[in-house]
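Residues per chain are reported as follows:
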Amino acid sequence: MQDDLPSQARRRSLTLGIGGLAAAAALPAAADAQTAGGESRLETVTKRGKLLVATSSTTPPLCYADKDGTLIGFDIDIARIVAKSMFGDPEKIEFQVVDSSGRWPAVLSGRADFGIASTTIYPDRAMRVAFTTRYMDSGQSVLVRKDAMIGSLGDLNDPRFTVADLSNPQMADRAKRFFPKAKLLTFDTASAMMLAVKTGQAQAMQMDTPVVDWYAHNDETFKVLPTLLGNVQNNAIFMKPGDFTWWLYLDTVVKEMRTGSRYDEYSAAFNKWFGRNPPPERFYLNA
Amino acid sequence: MMARAMPVLLDGLAVTLELSALAIVLSLIWGVVLVLGRLSHLRPLRLACAGYLQLVRNTPVLVQMYFFYFGFAMAGLRLSGFTAGLLAMVLQNGGYMSEIYRAGIETVGARQREAGLALGMRPFEAFQIVIFPQAVRLVLPPMTNQFVAIVKDTALVSTLSVADMMFRARLLIDRTAAAFEIFADLTLMYLVLTAAVALLMRAAEWRLGAVD
Amino acid sequence: MPNVLFANLPFLLRGAIVTLELSAVCALLASAIGIVAALAQSYGNLVARGIALIYLYLMRGTPLLVMVFAAYYLLPYVGIDVDPTTGGALVVSLYFGAFMSEVFRAALASVPRGQWDAGRALGMHGRRLMGIVIVPQALRLAGPPFINTCIMLVKGTSLVSVIGLAELTLTGREVVERTLAPFQVFGGVALIYLVICYSLSLCGKALETRLPHA
């Protein structure tokens, strides 16, 4: 499957969709995120006066909905810091809710200015979307039911167990690598996976570490397996590639959040959702 | 890419076919049970069946599937995605089948039975020789529509993580972003499937029509 | 146990309102498409009939779920920007337009032959004949199956939940995933749909008795 370059497939899709002549003319314009007039999305957003951001509503504590349907979470707060940096007002932002597979079309079509949805940086994804530098550390952990008596990853590799996944290729690859013998269930949102584990349809689920930790913290029936699946990873903002000015701006804001002028707001959000300071990035910022 | 997507979708075809076939057969049977209840002499049974029919006709299959998959599991009964989907489809389509049977039986109806009795046949004979064949011919077109609807509804089980054609197509699109080709393939396969069902039923109609 | 359901009822009802709005818009659009397709099929020239037949064949043979996803994934990859609400409404209308066209076509065909002859005998032709004699009777005949198709449409809107439109089914899922009470909440969602669709079917029965048959 990986021998077909995704960008190649996307170009073929564009050609089929628009039609011969139009495609030939439209190709360079479509591949470039800047509009025909050469305007960067930074200008577009500044003129518009508010940000359009794609996010998830089912991935606590990063982006989820409270009982009134309002979006809250660490990712939400990060997006609001960006809005405040641009307009001085954290409310000048409109969220578009997407699921795991819908986040790419949302930014690639231009409907959203950027996406922030507990999204991990992987090289395969970087071929289709542009990532800023990370705004938080992540990793993949496994949530298990306490009553399933699973102590380690090795225990999980057993046809008796069913593991819930998200519908992206990285999850499928990890499942094949770490627990090939277990059965798999694939859903499109983190909360659907959790529901599967809670109802007993699955005994375990794999998801970003912050999400898994949050679920385990808030529900007695769950616990987290001690091993990370793979390395520590990076969660980042993603957007349509090709617009250097927009990417540079967002990347700058994220860097300033983690190590500079916006550190206080970033640290406040981090403490609010994770109960501790962000990991130290400079020797003189205390842990 | 279109050619490369096919093997993956064909893997899902087996599941789609299995689910469709089971749903069709079980709906046919469940429909008979329901129509017997619907037309019975016992009023409570008639009312219960009528109530059941209203319940399944006025609720979306997707919600029923979620209910059977997650709701039952929470209550202690763990059904696989396939089973939960099959259950929802049979409960609903069995209801529609029973209505089709009922319409067929009632349309051919009393007059034919009287005619049969006037000719000296016993009621059951009258049913067999006069009513049933006519009812069958009346019933085949709406049944064809129902079968096609069943085949299309099987796509819903992909939301319960059942590895049918729709499910595999979605996963493949996530991996390769060749959305256009994969959806073209998927649509083609469903069109072929539904056309095959319609053709088979047309052949059945023709044979039954030719017999009479 | 039912407390979970009652506590979240306002939230679910907001989803129900979206379902109702979406259904109303789609029913109107689908009817419009259906009328055009029925007329094209019955009275159109070769090209019109060809297009109508291809459209009908596509809609009747493809699952609605496939079309819903296609609208969601395909259009952005091709460069067209469509949000779940617009995309969902378009797809549902297009899909049920085919069913509506069948309803109208059958109704047109069921108007007794005698009515056409009588109308022509009175000197009416073409549009006058259609508008005064045929179409009103066809509309009356179409009443009950139209309502049935509308009920199917309401149920069909539940599929738009998979692309993120916050109608009743998605709202139900969100509540379930927050409260972890799938039995009660999905049961409650089913009941709300039951109320909506059963009310529609009662309207259909009322139409049948009120409107005089041709």
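Thresholds, definitions, all that
- Residues numbered from 1 in each chain as written.
- Chains lettered and ligands numbered in written order.
- Predicted model: local features only at pLDDT ≥ 70, side-chain atom pairs only at ≥ 80, totals over all residues.
- Helix = DSSP H or I, 4+ residues; strand = E, 2+ residues; numbered from the N terminus.
- Buried ≥ 20, exposed ≤ 12 C-beta atoms within 10 Å, placed from the backbone.
- pLDDT = per-residue confidence, 0-100.
- Contact = placed C-beta atoms within 7 Å.
- Pairing = 2+ DSSP bridges.
- Axes fitted to C-alpha atoms, helices over the stretch in contact; angles between N-to-C directions.
- Core = buried A, V, L, I, M, F, W, Y, C linked by C-beta atoms within 7 Å.
- Domains from an automatic or database assignment.
- Expected span 1.5 Å × (residues − 1).
- Bend = angle between axes of the 7 residues up to and from the residue.
- Nonpolar A, V, L, I, M, F, W, Y, C, P; charged D, E, K, R; others polar.
- Parallel < 35°, antiparallel > 145°, perpendicular 65-115°, else oblique.
- Left-handed = near helix turned anticlockwise from the far one by under 90°.

### Concerning the overall build of chain A
Counting secondary structure elements, chain A contains twelve helices and 13 strands. Within the span of chain A, comprising 287 residues, buried residues form 44% of the whole.

### Considerations on the overall build of chain C
A tally of regular secondary structure across chain C gives eight helices and zero strands. Going from N to C terminus, chain C has its helices and strands arranged as α-α-α-α-α-α-α-α. Structurally, chain C occupies a C-alpha span of about 70 × 45 × 20 Å along its principal axes. By the burial criterion, 46% of the 214 residues in chain C qualify as buried.

### Some thoughts on the confidence of the model for chain A
All names here are of chain A. Chain-level statistics for chain A give a pLDDT mean of 85 and a share of 85% at 70 or above. Note on residues 1-9: pLDDT is under 50 here. Beyond four places in sequence and across chains, it has 15 contacts. This stretch, residues 12-32, has a pLDDT under 50; its non-local contacts, to residues over four places away or in other chains, come to 22 contacts.

### Digging into the sheet that holds strand E9 (residues 162-166) of chain A
All names here are of chain A. Spatial ordering of the open sheet is given by E10-E9-E11-E8-E12, a layout of five strands whose pairing is mixed. Each edge of the sheet is formed by a strand with only one pairing partner; in this case those strands are strand E10 (183-187) and strand E12 (222-224). Adjacent strand axes in the sheet meet at a mean angle of 30 degrees when their direction is disregarded. As defined by bridge partners, strand E8 (residues 140-145) adjoins E12 across three bridges and the pair is classed as antiparallel.

### Focus: the nonpolar core
Core analysis: the largest hydrophobic core is formed by 198 residues, its most contacted members being Met193 of chain A, Met65 of chain B together with Val68 of chain C. For this core, the two domains that each supply at least three residues are domain 2 (40-132 + 234-274) and domain 3 (140-224) of chain A. Those residues in contact with methionine 65 of chain B, other than ones at most four positions away along the chain, are Ala84, Gly85, Ala88, Leu156, Val157 and Leu160 of chain B.

### Concerning the sheet that holds strand E2 (residues 58-59) of chain A
All names here are of chain A. An order of E2-E3-E4 is seen for the three strands of this open sheet, with the pairing classed as antiparallel. Only two strands of the sheet have a single neighbouring strand rather than two, namely E2 and strand E4 (71-72). Judged from the two bridges that link them, E2 and strand E3 (residues 63-65) form a sheet pairing that is antiparallel. When the bridges of E3 are listed, threonine 58 appears paired with tyrosine 64.

### Section: the pairing of strand E1 (residues 51-55) of chain A
Two strands pair when backbone bridges link them, and E1 of chain A and strand E5 (residues 93-97) of chain A are joined in this way by five bridges, in the parallel orientation. The partner of leucine 52 of chain A across the bridge, within E5 of chain A, is glutamate 94 of chain A.

### A short note on helix H4 (residues 84-110) of chain C
All names here are of chain C. Taking 1.5 Å as the rise per residue, H4 with 27 residues should run 39 Å; its terminal C-alpha atoms sit 38 Å apart, in good agreement. At glycine 97, H4 shows its maximal kink, close to 30 degrees. The buried count for H4 comes to 19 of 27 residues, which makes it a mostly enclosed element.

### Description of the interface of chain C and chain B
Counting from both sides, the interface comprises 27 residues of chain C and, opposite them, 31 residues of chain B. Counting residues per element, the ones that place at least two in the side of chain C that touches chain B are helix H3 (64-78), helix H6 (126-156), helix H7 (168-179) and helix H8 (182-210) of chain C. With ten residues, H8 of chain C is the largest single contributor of residues to the side of chain C that touches chain B. Of the residues that constitute the side of chain C that touches chain B, the class distribution is 21 nonpolar, five polar and one charged.

### Quick word on the packing of H6 of chain C against H8 of chain C
All names here are of chain C. Where H6 meets H8, the axes come as close as 9 Å, and the angle between the chain directions of the two elements is 175 degrees. Looking at the two axes, H6 sits roughly antiparallel to H8. Taken together, the residues of H8 that come into contact with H6 (itself represented by Gly143, Pro144, Ile147, Asn148, Cys150, Ile151, Val154 and Lys155) are Ile196, Cys197, Leu200, Ser201, Cys203, Gly204, Leu207 and Glu208. Across the contact of H6 with H8, the residue classes break down as ten nonpolar, four polar and two charged.

### Here's the deal with unusual backbone geometry
Residues and elements named next belong to chain A. Looking along the chain, the bond that leaves proline 60 and enters proline 61 is cis, with omega of -5 degrees. Mapped onto the secondary structure, proline 61 falls in the loop between E2 and E3. Despite not being glycine, serine 118 shows a phi value in the positive range, around 50 degrees. Along the chain, the position of serine 118 falls in the loop between strand E6 (114-115) and helix H6 (123-126). Although it is not a glycine, methionine 149 adopts a positive phi angle of roughly 60 degrees. Along the chain, methionine 149 falls in the loop between E8 and helix H7 (153-156). On the neighbour-count criterion, methionine 149 (9 C-beta atoms within 10 Å) is exposed.

### Re the packing of helix H5 (residues 113-121) of chain C against H6 of chain C
Residues and elements named next belong to chain C. Two numbers describe how H5 lies on H6: the axes approach to 10 Å, and their chain directions differ by 160 degrees. In terms of orientation, H5 lies roughly antiparallel with respect to H6. Like other packed secondary-structure pairs, H5 and H6 cross with a definite hand, here right-handed. Counting all contacts with H5, which are made through Gln115, Trp116, Gly119 and Arg120, the residues of H6 involved are Leu129, Val133, Ile134 and Gln137. Each residue belonging to the contact of H5 with H6 can be placed in one class, and the counts come to four nonpolar, three polar and one charged.

### Re the environment of serine 40 of chain A
Residue and element names in this part refer to chain A. Locating serine 40 in the fold gives a position in the loop between helix H2 (20-31) and helix H3 (41-48). Judged by local crowding, serine 40 falls into the partly exposed class, with 18 C-beta atoms found within 10 Å. C-alpha of serine 40 to C-alpha of leucine 153: the two residues are 113 residues apart in sequence and 47 Å apart in space.

### Let's talk about the pairing of strand E13 (residues 233-239) of chain A
Residues and elements named next belong to chain A. Of all seven residues making up E13, six are buried, and the element is well covered by its neighbours. In this structure, strand E7 (residues 130-138) lies alongside E13, joined through six bridges in antiparallel fashion. Bridged to serine 138 within E13 is glutamine 233.

### Structural notes on the environment of leucine 202 of chain C
Turning to its location among the elements, leucine 202 of chain C is positioned in helix H8. Once the C-alpha coordinates of leucine 202 of chain C and isoleucine 147 of chain C are considered, the two residues, 55 residues apart in sequence, prove to be 9.5 Å apart.

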